[in-house]
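# Analysis of the macromolecular model
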Amino acid sequence: MTGQAEISAEIGAIQAGYQRAGLEESQPRLDYPPYRSSVLRHPKNALLLAEPEAAELQAPCFGQDDVAPLDADLTIQHAGAPIGERTVVTGRIVDGNGKPVRRQLVEIWQANASGRYIHQGDQHPAPLDPNFTGAGRCLTDDDGFYRFTTIKPGPYPWRNHHNAWRPAHIHFSLFGTDFTQRMITQMYFPGDPLCPLDPIYQSITDQKARGRLVAIYDHDTTSHEWATGYRWDIVLTGPAATPFEDHDD
């Protein structure tokens with residue numbers, strides 16, 4: 001078993017590569033060598049202007065009636081109960097002035113309790129759960145709150161570097177007033193020892209901004225003998241904005 005000194009040395013060496021002297025960033029860097037595929041995940045050429053109205057004519061649409069209340073409970077979508085720690089994730093979405101963002105479409109997707117996605121690209125040897133698909137959606141209420149009931153996801157290996165493991169996380173997608181206004185981010189769980197070793201999480205050099213991606217345990221949200229609870233608020237704009245994967249920088 002690896003000793004504590006070796007673990008500390010490994011963390012220190014990896015974190016040293018994450019630092020850029022004299023510069024703090026609140027959003028993920030586009031080209032970030034420790035995250036190898038980052039160089040492939042953003043445009044290399046100048047962007048082309050598009051007519052917003054024309055794009056909307058060919059985009060999907062949604063209304064309040066299309067999002068059912070049960071869509072937000074990922075634990076009741078199948079005949080049986082999924083395996084894992086049942087948990088509730090809730091929070092408030094606000095703009096840069098602290099005003100609630102009402103009727104915001106919020107979608108999530110995640111791995112199951114074993115760290116496995118139901119996706120043909122995920123073939124690592126962890127069991128699939130026939131009672132857990134790992135996707136849900138809801139609309140924020142008049143005060144900007146969303147709420148999901150789900151299973152706490154497990155960590156999983158990825159091929160970014162030797163012995164690379166992603167921390168437990170939930171992907172969030174938020175839409176504005178139309179489908180050309182989409183923002184994507186990830187929520188992490190408090191106290192996860194894999195976060196200091198994760199290049200995606202560490203691609204944000206501003207420590208305070210990184211902290212805004214971590215939920216807090218909320219005992220008021222936790223329910224007796226049923227589910228643990230976490231609170232994660234999202235700020236869309238301003239100096240305290242939540243880091244997003246598709247932020248223009």
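Just above sits the structure.
Before going into details, it helps to say that this report is about the structure given with it. These numbers come from a predicted model, not from an experiment.

## Some details on the sheet that holds strand E7 (residues 169-175)
- Spatial ordering of the open sheet is given by E3-E2-E7-E8, a layout of four strands whose pairing is antiparallel. The outermost strands of the open sheet, each flanked by one partner alone, are strand E3 (135-139) and strand E8 (182-188). When the angles between neighbouring strand axes are averaged without regard to direction, this sheet yields 20°.
- Relative to E7, strand E2 (residues 105-109) is paired through five bridges, and the arrangement is antiparallel. Paired with Ile108 across the bridge in E7 is Phe172.

## A few points about the pattern of salt bridges
- Going through the model one piece at a time under the given rule, you end up with five salt bridges.
- A salt bridge links Asp142 to Arg103, with the nearest nitrogen and oxygen atoms 3.2 Å apart. In this pair, Asp142 sits in the loop between E3 and strand E4 (145-151) while Arg103 sits in the loop between strand E1 (86-94) and E2, placing the two residues 39 residues apart along the sequence.
- Residue Arg103 is classed as partly exposed on the basis of its relative accessible area of 38%.
- A salt bridge links Arg166 to Asp198; the shortest N-O distance between them is 2.9 Å. Taken as a pair, Arg166 in strand E6 (residues 165-166) and Asp198 in the loop between E8 and helix H3 (199-202) lie far apart in primary sequence, 32 residues in all.

## Thoughts on the environment of Thr150
- Along the chain, Thr150 turns up in strand E4.
- The class for Thr150 is buried, based on a relative accessible area of 0%.
- Remark: the alpha-carbon pair of Thr150 and Ala227, spanning 77 residues in sequence, is separated by 9.1 Å.
- With sequence-adjacent residues up to four places away left out, Thr150 is seen in contact with Leu74, Thr75, Glu85, Arg86, Thr87, Gln110, Phe132 and Ile170.

## A closer look at the pairing of E8
- By the criterion of burial, E8 is predominantly enclosed, with five of the seven residues buried.
- Inspection of the sheet shows E7 paired to E8 by seven bridges, in the antiparallel sense. Looking at E8, one finds that His171 is bridged to Gln186.

## Observations regarding the nonpolar core
- Core analysis: the largest hydrophobic core is formed by 35 residues, its most contacted members being Ile93, Tyr146, Phe148, Phe172, Met187, Trp232 and Ile234.
- The set of elements that each furnish at least two residues to this core consists of E1, E2, E4, E7, E8 and H3.

Conventions and cut-offs
Residues numbered from 1 in each chain as written. Predicted model: local features only at pLDDT ≥ 70, side-chain atom pairs only at ≥ 80, totals over all residues. Heavy atoms only, no water. Pairing = 2+ DSSP bridges. Helix = DSSP H or I, 4+ residues; strand = E, 2+ residues; numbered from the N terminus. Axes fitted to C-alpha atoms, helices over the stretch in contact; angles between N-to-C directions. Salt bridge = Lys/Arg side-chain N within 4 Å of Asp/Glu carboxyl O. Buried < 20%, exposed > 50% of the residue type's maximum accessible area, 1.4 Å probe, protein only. Contact = heavy atoms within 4.5 Å. Core = buried A, V, L, I, M, F, W, Y, C linked by side-chain atoms within 4.5 Å.

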